[in-house]
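The chain contents come next:
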There are 2 protein chains.
Amino acid sequence: MTRAIQTKNEKLPDPVGFATHDHNDCIDTAIAAAETHCANNGVRLTPVRRKALEILLQEHRALGAYEILDRLRDAGFGSQPAVAYRALEFLVTNGSAHKIERLNAFIACAHSKVSHVPAFMICTECDSVAEVQSNLTNKAFGNAAHVAGFRIEQTTMEAVGLCPVCIDKSKT
Amino acid sequence: MTRAIQTKNEKLPDPVGFATHDHNDCIDTAIAAAETHCANNGVRLTPVRRKALEILLQEHRALGAYEILDRLRDAGFGSQPAVAYRALEFLVTNGSAHKIERLNAFIACAHSKVSHVPAFMICTECDSVAEVQSNLTNKAFGNAAHVAGFRIEQTTMEAVGLCPVCIDKSKT
DNA sequence: ACTTGCAATGTTATATCATCACATAGAAAT
DNA sequence: ATTTCTATGTGATGATATAACATTGCAAGT
Ligand SMILES: [Zn+2]
Ligand SMILES: [Zn+2]
Ligand SMILES: [Zn+2]
Ligand SMILES: [Zn+2]
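Quick caveat, the model's predicted, so the values are computed rather than measured.

### Focus: the environment of B:Arg49
Residues and elements named next belong to chain B.
Reasoning step 1: Locating Arg49 in the fold gives a position in helix α2 (residues 47-59).
Reasoning step 2: Note: C-alpha distance between Arg49 and Ala105 (56 residues apart in sequence) is 16 Å.
Reasoning step 3: Residue contacts for Arg49: discarding those within four places in its chain leaves Arg44, Ala87, Phe90 and Leu91.
Reasoning step 4: A polar contact is formed between the side chain of Arg49 and the backbone oxygen of Arg44, at a distance of 2.7 Å.

Below, the structure written as structure tokens:
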């Protein structure tokens, strides 16, 4: 049984960071990076996991778990939520994908080779998402954590606002 | 996710930001701040909204919408989800509360008087949340947004890890 | 070969979170 | 007083996520 899809932006071209890019080989390189990571860390990029990553990379946008599940089912995998959630958890844990908490959705990492603090710009109008290369950790944050005795394991930043496309639209 | 409820007249130190503070009057000051804000902005701190804020302030932790709804119902307000979600939306919009996306939960702002980038430390073990005073905007983030033509409206940062209490526990 | 162990996948059922659509009630503006 | 807009209330539904448990496939150890 197919569930309704919630995502608003179905028809965007190949935007990464709201700019166009050569999408053709970026899938292959990302998959290769995932394979390398798995080999180096003693975990397995199994068929479902690989397929889930391919789906995310194909779209280059944030996808809900059930949207991914639909495609996994179409590809012959299981049809129950846990199938998608487990694959996604694996990808997130291993740095191939991120969860956009604001959207309850998942997106392939745009630069999985380098270690980074995931940071995103999320359009409130069309739900498009761009991952920002943000190598700068917030120093004040780190200090506060240290003072509080909190051991940070991962930090994510999410900015919401209007993407260039929707800014243009709002002007007309 | 289950945590002890903190009562208003508790003698022991109340933790905010994993540190102790004087909880007794911080509710009143926060409510006063909300009232001032509403007066200055032509919006109304109606009974439900005020009660929802009081609930959040009482607890000083992240509460799910349905948890808040329960208490609103107990206080004589409506019993349907929209009642809580609408009140919470108002509080978030007007800076009296934040949504912790990671937890799908809400928390009273710990320093609602000053404009700030909401930043939180979230314990993966016990789900406790501390709001960090992070007046430092991530510069790289801002630059990236500018380059991309993205108009940031709000940024939030969420760090997950282990709170001091759970670090202690894990050592035993 | 066999069994024991473990990780991964699958399924059913259920829990949790969130919004829609529409009716009614109050406040504010004319 | 009438209109208008905001706010509250309700029932119904949608969307997201996990629990619990059976099954499979593979690898070590015997
Ligand atoms: Zn990334
Ligand atoms: Zn947009
Ligand atoms: Zn705050
Ligand atoms: Zn903790």
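### Section: the relation of the copies chain A and chain B
Reasoning step 1: By a simple turn and slide, chain A fits onto chain B: the slide is 0.0 Å along the axis, the RMSD is 0.1 Å, and the turn is 180°. One copy is carried onto the other by what is essentially a two-fold rotation axis. No C-alpha of chain A lies nearer the rotation axis than that of A:Met157, which sits 2.2 Å from it.
Reasoning step 2: Comparing contact sets, 100% of the residues at the interface of chain A also lie at the interface in chain B, consistent with an isologous, same-surface contact.

### Quick look at the pairing of strand β5 (residues 119-123) of chain A
Residues and elements named next belong to chain A.
Reasoning step 1: Burial within β5 is extensive, with 5 of its 5 residues counted as buried.
Reasoning step 2: Sheet topology note: the β5/strand β7 (residues 151-162) ladder contains 5 bridges and is parallel. In the strand pairing of β7, Cys123 is matched with Gly161.
Reasoning step 3: With 3 bridges connecting them, β5 and strand β6 (residues 129-131) associate as antiparallel partners. In the sheet register, Met121 faces β6, and the bridge partner there is Ala130.
Reasoning step 4: Two successive antiparallel strands, β5 and β6, enclose a turn made up of 5 residues, where Asp127 displays a positive phi of approximately 65°.

### Digging into the protein's contact with DNA strand C
Reasoning step 1: If you check the shell around DNA strand C, you find 18 residues, and the closest are A:Thr46, A:Gln80, A:Arg86, B:Tyr66 and B:Lys99.
Reasoning step 2: Sugar plus phosphate: this is where 54% of the atoms of DNA strand C within 4 Å of the protein reside.
Reasoning step 3: Side-chain polar atom of B:Tyr66 to a base nitrogen of DNA strand C: 2.6 Å apart, as the coordinates give it.
Reasoning step 4: One of the side-chain N or O atoms of B:Lys99 is found 2.6 Å from a phosphate oxygen in DNA strand C.
Reasoning step 5: Elements with a minimum of two residues in the surface near DNA strand C: α2 (47-59) and α4 (81-93) of chain A together with α4 (81-93) of chain B.
Reasoning step 6: Looking at the surface near DNA strand C, its residues break down into 8 nonpolar, 5 polar and 5 charged.

### A look at the layout of surface pockets
Rolling a probe over the atoms, with the probe sized like a water molecule, indicates the empty space that remains.
All names here are of chain A.
Reasoning step 1: Estimated volume of the second largest pocket: approximately 780 Å³.
Reasoning step 2: Per-element accounting of the lining of the second largest pocket gives the leading share, 5 residues, to α4.
Reasoning step 3: Within the lining of the second largest pocket, the residues separate by chemical class into 12 nonpolar, 11 polar and 6 charged.

### Observations concerning the packing of aromatic side chains
Residue and element names in this part refer to chain A.
Reasoning step 1: By the definition in use, this model includes 2 aromatic pairs over all chains.
Reasoning step 2: An angle of 80° between the planes, with centres 6.3 Å apart, marks the rings of Tyr66 and Tyr85 as edge-to-face. Taken together, the residues Tyr66 in helix α3 (residues 65-74) and Tyr85 in helix α4 connect sequence positions 19 residues apart.
Reasoning step 3: A relative accessible area of 30% means that Tyr66 is categorised as partly exposed.
Reasoning step 4: Since its relative accessible area comes to 39%, Tyr85 is described here as partly exposed.
Reasoning step 5: Across the ring face of Phe90, the terminal group of Arg49 is positioned such that the distance to the ring centre comes to 3.9 Å.

Calculation notes
- Residues numbered from 1 in each chain as written.
- Chains lettered and ligands numbered in written order.
- Predicted model: local features only at pLDDT ≥ 70, side-chain atom pairs only at ≥ 80, totals over all residues.
- Heavy atoms only, no water.
- Helix = DSSP H or I, 4+ residues; strand = E, 2+ residues; numbered from the N terminus.
- Contact = heavy atoms within 4.5 Å.
- Polar contact = N/O pair within 3.5 Å; in protein donor to acceptor, adjacent residues only side chain to side chain.
- Least-squares fit on C-alpha atoms with pLDDT ≥ 70 in both.
- Buried < 20%, exposed > 50% of the residue type's maximum accessible area, 1.4 Å probe, protein only.
- Pairing = 2+ DSSP bridges.
- Near = heavy atom within 4 Å.
- Nonpolar A, V, L, I, M, F, W, Y, C, P; charged D, E, K, R; others polar.
- 1 Å grid on protein atoms, 1.4 Å probe; cavity = no way out; pocket = protein on both sides within 12 Å on 5 of 7 lines; lining within 4 Å.
- Points joined across faces, edges and corners; volume = space filled by probe spheres on them.
- Phe/Tyr/Trp six-rings, centres within 6.5 Å; stacked < 30°, edge-to-face > 60°.
- Lys NZ or Arg CZ within 6 Å of the ring centre and 35° of its normal.

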